[in-house]
Amino acid sequence: MTDTTTQTTKLIESYYAAFNDGNPQGMLDLLTEDVAHDINQGRRETGRAAFATFLDHMNVYYRERLTDIVVLASADGSRAAAEFVVHGEYLKTDPGLPEAAGQRYVLPAGAFFEVRDGKIGRVTNYYNLQDWMAQVGA
């Protein structure tokens, strides 16, 4: 493994450690100012401020913890991918989604990253929305 591969792997692992620690500022500190965020089956948002708003939204409606995290990075460290399992609880009804009643869910998920200057420049998340909907009783 090259130094750049190791650095990128550690960057992504730090991002997910901050997530699991409930530390949104720790996550934001690892992003470029102009980070591109591709929301699962949704739109692309740009910028650290938009990402912060997204995290605030998620923390109101969901409580999640990630396990079985595996990170792979390209030889030059410019790209990475992660696979993990989301263990969550649906806390409050998210507008446009089924009614929340504390339902628990477990979902396999993944993400793709671009890395620039030692920070995350793009996060693209994927999970099966239909599986989530079935688990919360939609």
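Criteria and cut-off values
Residues numbered from 1 in each chain as written. Predicted model: local features only at pLDDT ≥ 70, side-chain atom pairs only at ≥ 80, totals over all residues. Heavy atoms only, no water. 1 Å grid on protein atoms, 1.4 Å probe; cavity = no way out; pocket = protein on both sides within 12 Å on 5 of 7 lines; lining within 4 Å. Points joined across faces, edges and corners; volume = space filled by probe spheres on them. Helix = DSSP H or I, 4+ residues; strand = E, 2+ residues; numbered from the N terminus. Nonpolar A, V, L, I, M, F, W, Y, C, P; charged D, E, K, R; others polar. Pairing = 2+ DSSP bridges. Expected span 1.5 Å × (residues − 1). Buried < 20%, exposed > 50% of the residue type's maximum accessible area, 1.4 Å probe, protein only. Salt bridge = Lys/Arg side-chain N within 4 Å of Asp/Glu carboxyl O. Axes fitted to C-alpha atoms, helices over the stretch in contact; angles between N-to-C directions. Contact = heavy atoms within 4.5 Å. Polar contact = N/O pair within 3.5 Å; in protein donor to acceptor, adjacent residues only side chain to side chain.

(A) The layout of surface pockets, seen in detail. There is about 990 Å³ of room inside the largest pocket. Contributing to the lining of the largest pocket are 42 residues, with Ile39, Phe54, Met58, Glu64 and Tyr127 lying nearest its centre. Mapped onto the lining of the largest pocket, the elements with two or more residues apiece are helix 1 (3-20), helix 2 (24-28), helix 3 (48-61), strand 3 (62-73), strand 4 (79-90), strand 5 (104-116), strand 6 (119-127) and helix 4 (129-135). The biggest single contributor to the lining of the largest pocket is helix 3, with 8 residues. For the lining of the largest pocket, the per-class residue count stands at 25 nonpolar, 12 polar and 5 charged.

(B) Representation of the pairing of strand 3 in the model. Here strand 3 pairs with strand 4 via 10 bridges, running antiparallel. The residue of strand 4 that forms the bridge with Val70 is Glu83. A loop of 5 residues connects strand 3 with strand 4, the two strands running antiparallel in sequence, and Gly77 in this loop sits at a positive phi of about 75°.

(C) Spatial organisation of helix 1. Its 18 residues place the ends of helix 1 25 Å apart at the C-alpha level, agreeing with the 26 Å of an ideal helix rising 1.5 Å per residue. For helix 1, the complete set of buried residues consists of Thr5, Thr8, Thr9, Leu11, Ile12, Tyr15, Tyr16, Ala18 and Asn20. A positive backbone phi angle near 65° is found at Gly22, which sits one or two residues after helix 1.

(D) Structural view of the pattern of salt bridges. A full pass over the atoms with the stated rule returns 8 salt bridges. For Arg43, the salt bridge is made with Glu45, and the minimal N-O distance between the two is 2.7 Å. It is possible to trace a salt-bridge network through shared partners that takes in Arg63, Glu89 and Arg104.

(E) Looking closely at the sheet that holds strand 3. Spatially, the 6 strands line up as an open sheet ordered 2-1-6-5-4-3, and their pairing is mixed. Edge strands, defined here as strands with exactly one partner in the open sheet, are strand 2 (44-46) and strand 3. With strand direction ignored, the average angle separating the axes of adjacent strands in the sheet is 20°. Pairing of strand 5 with strand 6 involves 8 bridges; the strand directions are antiparallel. Of the residues in strand 6, the one forming a bridge with Gly110 is Tyr126. Docked against the sheet, helix 1 engages strand 1 (31-38), strand 3, strand 4, strand 5 and strand 6, running at close to 170° with respect to strand 3. Its contacts with the sheet put helix 3 on strand 1, strand 2, strand 3, strand 4 and strand 6, and the angle it makes with strand 1 is roughly 55°.

(F) Main features of the environment of Asp38. Within the secondary structure layout, Asp38 lies in strand 1. On the basis of relative accessible area, Asp38 is assigned to the buried category, the value being 15%. Residues Asp38 and Asn125, 87 residues apart in the sequence, show an inter-C-alpha distance of 6.4 Å. The residues touching Asp38, leaving out its near neighbours within four places in the chain, are Arg43, Arg44, Arg122, Val123, Thr124 and Asn125. There is a polar contact of 2.6 Å between the side chain of Asp38 and the side chain of Arg44.

Read these as spatial facts, not as claims about activity.
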